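For reference, the chains in residue letters:
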Amino acid sequence: MYKILKQEGAAKRAEFQTVHGTVQTPVFMNVGTIAAIKGAVGTEDLEQIGTQIQLSNTYHLHVRPGDEIVHKLGGLHKFMVWDKPILTDSGGFQVFSLAGLRKIKEEGVYFHSHIDGRKIFMGPEESMQIQSNLASTIAMAFDECAPSKADRSYVQNSVDRTARWLARCKAEMQRLNQLDRTINKNQLLFGINQGAVYEDIRIDHAKRIAEMDLDGYAIGGLAVGETHEEMYHIIEETVPYLPKDKPTYLMGVGTPANILEGVERGIDFFDCVYPSRNGRHGHLYTKFGKINLFNAKYELDERPIEEGCQCPACRRYSRAYIRHLLKAKEMLGMRLCVLHNLYFYNHLMEEIRNALDEGRFAAYKKEMLESMAAGEQQ
Ligand SMILES: [Zn+2]
C-alpha cells in the first residue's frame, strides 16, 4: 500500500508497504543486474550503506543461471540472502538493447542470447513467468523501449503494442499469483509509460495505463539520448496523468541532479548504474562535485573521498591510498569506490526525504545543485 506523508509542490514524500517490508520514498534502487552489485559488494555491505531496495535484471538472470534454477533455490531473496524488497525489470530493455538479431511480433520478441547466441522467445507471459520464478517483490511489465530517434508512426505503433502487452502481463500475473508453486503470491506489477519524446503519445498512453489499476507506474524510455530539458519536460507533462495514489518510478535515471529534478516533478523510485559503474572507474560523487581519483593531484592527498562522509571507505581510508589501489588494479580500490558512490546516492535520498519531511525541499535542492556544480575543482 502506498501512502503519501507529505507534499511540496509536485514532490512527494511517501511510504510503500510490501510483503518484504516498507520502502520510504523518494528512494534509489541499487542495481544488482545479475543478482549482485558490480564491484564485489555483498548483502552485508548494502545493509551498512542504507540500501532499502535492490533491482535485478530479468533478462540476465533468465540467461544465466536460469530463472528455474533460482526458483528451485527458493527465489532471489533466498538466493542473494536479502530479505528487503527487490524489483525486477521486465527484460524488455535488454532484449531491445543487448540481444542480437531480434524480431518483434505481436506475441513477443524472438532474439539471440548475448552470452551463447541461442534462440530465445520472450513475450509478456514469459516475462511474467520468469519474474514469478525469481519471486521479486515488484515485477515490471514487458514493454518495448523504442529508440529515442524513432519516428512518430513507429513510436505510436510500438506504444499501442506495449499497451496490449500490459493487459496480457496483468492477466498472467494474476494467474501466476494463484499457483501453488509460486514463491511470492503477492508479487506486485508496475506498468511502464512509453512514447519517446512525443508528449501527446506519452499522455495518451499514461491515461490508458492509469485505468488498469496497477500497483505502480513507471516512466521508461528516457535518458536514452534526448536532452535533460526534453526529459524533464516529458516527466512534468506525464506524471499528472498517472494515478496519484500509486508510486511513480523513473527508469534508469540518473545523475544526482537528474534525481533532484525528478523528485521535484513527483517521482518516487529511481535506479541507475552510474554510481557503481563510475565507482569502478574511480569517478566519485561528492556533495562538492565529482572527482576522478586517477588525477595526479590526489597522489599525496590524505583526506577521505568526501569530508564528513560516513561510508565504509571514507571512515577509514585516504584518497591517496584508494588511488594507489585503483592504479595497481587491486580489487579493493574498486570496491571502496563503489561503496562510497552507492552510499552517496542512498544518503542523498535520505537527505531529500528529510528535507521533504521538514518542508524545505526546494531550498535543499538549490543548495545541493549549487554545491555540486561549484566544487568540481576541489
Ligand atoms: Zn564516502
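Note: the structure precedes this text.
Let me sum up the structure you'll find in this document.

Basis of the calculations
Residues numbered from 1 in each chain as written. Predicted model: local features only at pLDDT ≥ 70, side-chain atom pairs only at ≥ 80, totals over all residues. Heavy atoms only, no water. Pairing = 2+ DSSP bridges. Helix = DSSP H or I, 4+ residues; strand = E, 2+ residues; numbered from the N terminus. Axes fitted to C-alpha atoms, helices over the stretch in contact; angles between N-to-C directions. 1 Å grid on protein atoms, 1.4 Å probe; cavity = no way out; pocket = protein on both sides within 12 Å on 5 of 7 lines; lining within 4 Å. Points joined across faces, edges and corners; volume = space filled by probe spheres on them. Nonpolar A, V, L, I, M, F, W, Y, C, P; charged D, E, K, R; others polar.

Further remarks concern the sheet that holds strand E2 (residues 11-18). Pairing within the open sheet is antiparallel, and its three strands lie in the order E1-E2-E3. The open sheet has two free edges, formed respectively by strand E1 (2-8) and strand E3 (21-25), since each of these has just one partner strand. Taking the axes of each pair of neighbouring strands and ignoring which way they run, one obtains an average angle of 10° across the sheet. Relative to E3, E2 runs antiparallel, the two being bridged by five bridges. Directly across from Thr18, in E3, lies its bridge partner Gly21.

Considering only enclosed or pocket space, the largest pocket measures out at about 900 Å³ in volume. Lining the largest pocket are 41 residues, and of these Phe93, Gln94, Gly252, Asp271 and Val273 sit closest to its centre. Breaking the lining of the largest pocket down by element, the ones donating at least two residues are helix H5 (92-97), helix H9 (228-238) and helix H11 (274-280). Among the residues making up the lining of the largest pocket, the classes are represented as 17 nonpolar, 17 polar and seven charged. Considering only enclosed or pocket space, the second largest pocket measures out at about 210 Å³ in volume. Taken together, 14 residues form the lining of the second largest pocket, with Ala10, Val239, Pro240, Lys244 and Arg265 sitting closest to its centre. Among the elements of the structure, E1 and H9 are those that each provide at least two residues to the lining of the second largest pocket. Among the residues forming the lining of the second largest pocket, the class breakdown is seven nonpolar, three polar and four charged.

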